[in-house]
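For reference, the chains in residue letters:
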Amino acid sequence: MSDISQWKHIPGKLNPADCASRGLNAADFLKGSNWINGPMFLKDLPKNWPNSPVNLAIPPDDSELRRKVLEVHATVVSHHDPTNVLLNYFSTWYKLRRAVAWFLKLESLLTQCALKRKGTLKAVTAGPMTLSVQDLEEAEEAIVKFCQNQGFSQEMASLRNGRNVSRKSSIFKLDPFLDRGILRVGGRLSSMAMPEKQKHPAILPKRHFISELLLRHIHQQAKLCTCRRFISRRGQVSELRSDNGTNLISTKKELREALKRWNMDQIESSLVQKGVKWTFNPPAGAHHGGIWERIIIMVKRVLSSITNQQSLDDEGLVKRGGIHPKQPSLDNRF
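Residues numbered from 1 in each chain as written. Predicted model: local features only at pLDDT ≥ 70, side-chain atom pairs only at ≥ 80, totals over all residues. Heavy atoms only, no water.

K.L.:
Run through the overall build of the chain, naming residues and quoting values.
P.N.:
Broken down by element type, the chain carries 13 helices and four strands. Sequence-distant contacts, at least 24 apart, represent 55% of the contacts inside the chain between residues at least 6 apart. Surface accessibility of the chain: about 25,200 Å² in total, with carbon and sulfur atoms responsible for 56%. (Helix = DSSP H or I, 4+ residues; strand = E, 2+ residues; numbered from the N terminus. Contact = heavy atoms within 4.5 Å. Areas by Shrake-Rupley, 256 points an atom, 1.4 Å probe, with all protein chains shown as cover.)

Given below as structure tokens:
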């Protein structure tokens, strides 16, 4: 690149470029024009060259001036936790728990290999290449711990340091405590003859992905158990009819997803695999369900006379012999 101070002006009469742009006859060209020999002042000292009649300084606001552009290269680093990416990859609790169980199994194997390489372990125990009940339980605990560390990090830190949970915490009223690293509900059920997990269930964040995944799994299992119980008591059915409610529509979709999982587990006795057809009434067509609506009224009357307005669970109804003995009277109606 040259500097402006190095630029010189050449008058039009001495400019060799004019010979080409304006043209020359043959006689002038052969005499020795500037085109062939160049301007004569080039043979003189530079101080004697023609001076520029104009100011060659370029104003800073010249539109033709090339701007200096400052280029900044930045590297954006994503801080997504790989564990979060893994957990959000699976759409069902069943698949997530099995995947985490396999990861933990692989982690244990790699840890043993590292210890053997260091000489602190004699042999590596791989174990069976199948998932046991213990493997699935350990995977479930690992998922719960990760979920709690994200949602209740301050509460767990306080309990680890021997302090009580802050009164401002959303779980303060649950009297939480730590049990082998898992945050559980406290309370007065410690002396009850109940399984420990029922007396002190684990606490999960309200809006966490794992909580929603687990709730969908529990609701799906409850709906499917209801269908199985109905078939076990009433016998095999060929068609189920129900209202066109949004909760029932979602159940049908869940049944399709459950079918894939049942096939994977090689479970032969299932609702869909037995060829049960689930039919929905037309929307806003309540008159299509007149038969069973009438039966519901009859069942309510029977239960009201048996329980005397008492609140009983399913086991209480069976022990008191209320609902089962009355069932034949309803069946005989048809």
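So that's the structure; there's more coming.
K.L.:
Describe in detail the nonpolar core, supporting the description with residues and values.
P.N.:
Membership of the largest hydrophobic core comes to 15 residues, with the highest contact counts inside it found for Leu87, Trp93, Leu96, Val100, Ala101, Ile143 and Ile210. Those elements that provide at least two residues to this core are α5 (93-118), α6 (133-151) and α9 (209-234). Setting aside chain neighbours within four positions, we find Val100 in contact with Leu87, Ala139 and Ile143. Counting six residues, the second-largest nonpolar core is a separate cluster that includes Phe152, Met156, Leu183 and Val185. (Core = buried A, V, L, I, M, F, W, Y, C linked by side-chain atoms within 4.5 Å. Buried < 20%, exposed > 50% of the residue type's maximum accessible area, 1.4 Å probe, protein only.)

K.L.:
So what's going on with the environment of Thr130? Residues and values would help.
P.N.:
Tracing the sequence through the fold places Thr130 in the loop between α5 and α6. Thr130 sits in the partly exposed class, given a relative accessible area of 49%. Linking Thr130 and Trp102, residues 28 residues apart in sequence, is a C-alpha distance of 8.8 Å. The contact partners of Thr130, leaving out residues within four places of it in the chain, are Trp102, Lys105 and Asp135.

K.L.:
Which residues make up α5, and what values go with them?
P.N.:
Taking 1.5 Å per residue as the helical rise, α5 with its 26 residues ought to reach 38 Å, and the 37 Å between its terminal C-alpha atoms agrees with that figure. All of the buried residues along α5 are Trp93, Tyr94, Leu96, Ala99, Val100, Ala101, Lys105 and Gln112. Following α5 by one or two positions, Gly119 adopts a phi angle in the positive range, close to 90 degrees. (Expected span 1.5 Å × (residues − 1).)

K.L.:
Run through the packing of α6 against helix α7 (residues 153-160), naming residues and quoting values.
P.N.:
The geometry of α6 relative to α7 is characterised by a closest axis approach of 5 Å and an angle of 100 degrees between their N-to-C directions. Taken together, the axes of α6 and α7 lie roughly perpendicular to each other. The residues of α7 that touch α6, namely those facing Gln148, Asn149 and Gly151, are Ser153, Met156 and Arg160. Residues of the contact of α6 with α7, tallied by class, amount to one nonpolar, four polar and one charged. (Axes fitted to C-alpha atoms, helices over the stretch in contact; angles between N-to-C directions. Parallel < 35°, antiparallel > 145°, perpendicular 65-115°, else oblique. Nonpolar A, V, L, I, M, F, W, Y, C, P; charged D, E, K, R; others polar.)

K.L.:
Could you give an account of unusual backbone geometry, with specific residues and numbers?
P.N.:
Glycine aside, the phi torsion of most residues is negative, and most peptide linkages are trans. Located in the positive-phi region is Asp175, a residue other than glycine, with phi close to 50 degrees. In this fold, Asp175 is placed in the loop between α7 and β1 (177-179). Backbone geometry at Arg180 places phi at a positive 55 degrees, although glycine is not the residue there. Looking at where Arg180 falls in the secondary structure, it is placed in the loop between β1 and β2 (182-184).

K.L.:
Could you give me a rundown of a nonpolar patch on the surface, with the residues and numbers involved?
P.N.:
The grouping of Leu24, Phe29, Leu30, Trp35 and Ile36 at the surface amounts to a nonpolar patch, some 540 Å² of accessible area in total. Elements with a minimum of two residues in the nonpolar patch: α2 (26-32) and α3 (34-37). For Trp35, the location among the structural elements is in helix α3. (Patch = residues over 30% accessible without salt bridge, like charges linked within 9 Å, V, L, I, M, F, W, Y side chains within 5 Å. Salt bridge = Lys/Arg side-chain N within 4 Å of Asp/Glu carboxyl O.)

K.L.:
So what about the environment of Phe152? Which residues, and what values?
P.N.:
The topology assignment puts Phe152 in the loop between α6 and α7. On a C-alpha basis, the gap between Phe152 and Ser170 in space is 9.4 Å, while along the polypeptide they are 18 residues apart. Those residues in contact with Phe152 that sit more than four places away from it in its chain are Ser170, Ile171, Leu183, Ile203, Leu204 and Pro205.

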